[in-house]
Amino acid sequence: MGEAGGGRGVAEAGEDGGDEAVGGVGECVHEAGEPVREAARPALHAVRRGGRPPAEALRVLNGALAAAPSHRVPAWSEEAGLGAAVRRAADPAGRLAAELAEAVAELLTDPRAGQVRECEAPDCVLLFLPAHPRRRWCVAGVCGNRARVARYYARYRYKDV
């Protein structure tokens, strides 16, 4: 989101966690989050079943968090009043990995982690926290619609022939 966008993107905080822009998310920044994503799946799989997360997964998550520690910076603005922004002193890749690791840690320690489900669509790999106990798809308008259309065609495909 450059100057015209007005918002802040994932990698727009500066090298010291400040406000100067450093550009978009590049390939090296994207790759920095890969170990965290790879550690998240087995850890969440274990927690969803009431088990202990693998030690290697916890090591990766803790390493990403330790590489980019965060601190709060209180500030006043006329529009919002008093607020506290979170700053991380690391390069964009380290900040992204730490943000992902923090989100994973929050999910793993959330009491509802056992309710996280896998989408039932055959070609979907997403996980979701259902708002309703009978929910089966991550996004009903996409994965759910595909399943409903497939059922419809399977039922009525040869009916008129």
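Residues numbered from 1 in each chain as written. Predicted model: local features only at pLDDT ≥ 70, side-chain atom pairs only at ≥ 80, totals over all residues. Heavy atoms only, no water.

Peer 1: It is not clear to me how the side chain of R88 should be interpreted in this structure. Could you clarify?
Peer 2: Tracing the backbone through its elements, the reader meets R88 in strand β2 (residues 81–88). Classification of R88 as buried rests on a relative accessible area of 3%. In terms of polar contacts, R88 uses its side chain to reach the side chain of E99, at 2.8 Å. Here E102 takes part through its side chain, which lies 2.3 Å from a polar atom of the side chain of R88. (Helix = DSSP H or I, 4+ residues; strand = E, 2+ residues; numbered from the N terminus. Buried < 20%, exposed > 50% of the residue type's maximum accessible area, 1.4 Å probe, protein only. Polar contact = N/O pair within 3.5 Å; in protein donor to acceptor, adjacent residues only side chain to side chain.)

Peer 1: Explain the packing of helix α3 (residues 55–67) against helix α4 (residues 92–109) to me, please; I cannot follow it from the model alone.
Peer 2: A pair of packed helices is characterised by two quantities: the angle between their axes and the separation of those axes. Running from N to C, α3 and α4 point in directions that differ by 130°, and their axes come no closer than 8 Å. Between α3 and α4, the crossing angle belongs to the class labelled oblique. The interaxial crossing formed by α3 with α4 has left-handed handedness. Residues L61, A64 and L65 of α3 form the contact with α4, whose participating residues are A97, A98, A101, E102, V104 and L108. (Axes fitted to C-alpha atoms, helices over the stretch in contact; angles between N-to-C directions. Parallel < 35°, antiparallel > 145°, perpendicular 65-115°, else oblique. Left-handed = near helix turned anticlockwise from the far one by under 90°. Contact = heavy atoms within 4.5 Å.)

Peer 1: Explanation requested: the environment of N145 in the structure shown.
Peer 2: Among the structural elements, N145 can be located in helix α5 (residues 140–156). The exposure class assigned to N145 is partly exposed, which follows from its relative accessible area of 37%. Counting along the chain gives 24 residues from N145 to A121, while the straight-line C-alpha distance between them is 9.8 Å.

Peer 1: Even after reading the chapter, I still don't get α4, so can you show me in this structure?
Peer 2: Working note: α-helix, 3.6 residues per turn, so residues spaced by three or four point in the same direction. Counted at 1.5 Å a residue, the expected span for α4 with its 18 residues is 26 Å, and the 26 Å between its end C-alpha atoms agrees. Buried residues along α4 sit against α1 (27–32), α2 (34–48), α3 and β2. (Expected span 1.5 Å × (residues − 1).)

Peer 1: Explain a nonpolar patch on the surface to me, please; I cannot follow it from the model alone.
Peer 2: On the surface, a nonpolar cluster with roughly 400 Å² of combined accessible area is contributed by V149, Y152, Y153 and Y156. Mapping Y156 onto the fold places it in helix α5. (Patch = residues over 30% accessible without salt bridge, like charges linked within 9 Å, V, L, I, M, F, W, Y side chains within 5 Å. Areas by Shrake-Rupley, 256 points an atom, 1.4 Å probe, with all protein chains shown as cover. Salt bridge = Lys/Arg side-chain N within 4 Å of Asp/Glu carboxyl O.)

Peer 1: Looking at this structure, I do not really get the state of the cysteines. What am I missing?
Peer 2: Between two cysteines, a covalent bond joining their sulfur atoms is known as a disulfide. As enumerated under the stated definition, the model contains 0 disulfides in all. The thiol of C119 is unpaired, and the distance to the nearest cysteine sulfur, on C143, comes to 3.7 Å. Just so you know, C124 is unpaired, no disulfide at all, and the nearest cysteine sulfur is the one on C138, 3.7 Å from it. For C124, a relative accessible area of 19% translates into the label buried. (Disulfide = S-S within 2.5 Å.)

Peer 1: I keep staring at the pattern of salt bridges and nothing clicks. Help me out?
Peer 2: Once their charged atoms are close, side chains differing in charge can pair, the charge on each being opposite to the other. Enumeration according to the criterion identifies 8 salt bridges in this entry. With its nearest N and O atoms 2.3 Å apart, the salt bridge here joins E102 to R88. With E102 in helix α4 and R88 in strand β2, the pair connects residues that are 14 residues apart, well separated along the chain. Residue E102 is classed as partly exposed on the basis of its relative accessible area, which comes to 29%. A salt bridge links R112 to D110, with the nearest nitrogen and oxygen atoms 3.4 Å apart.

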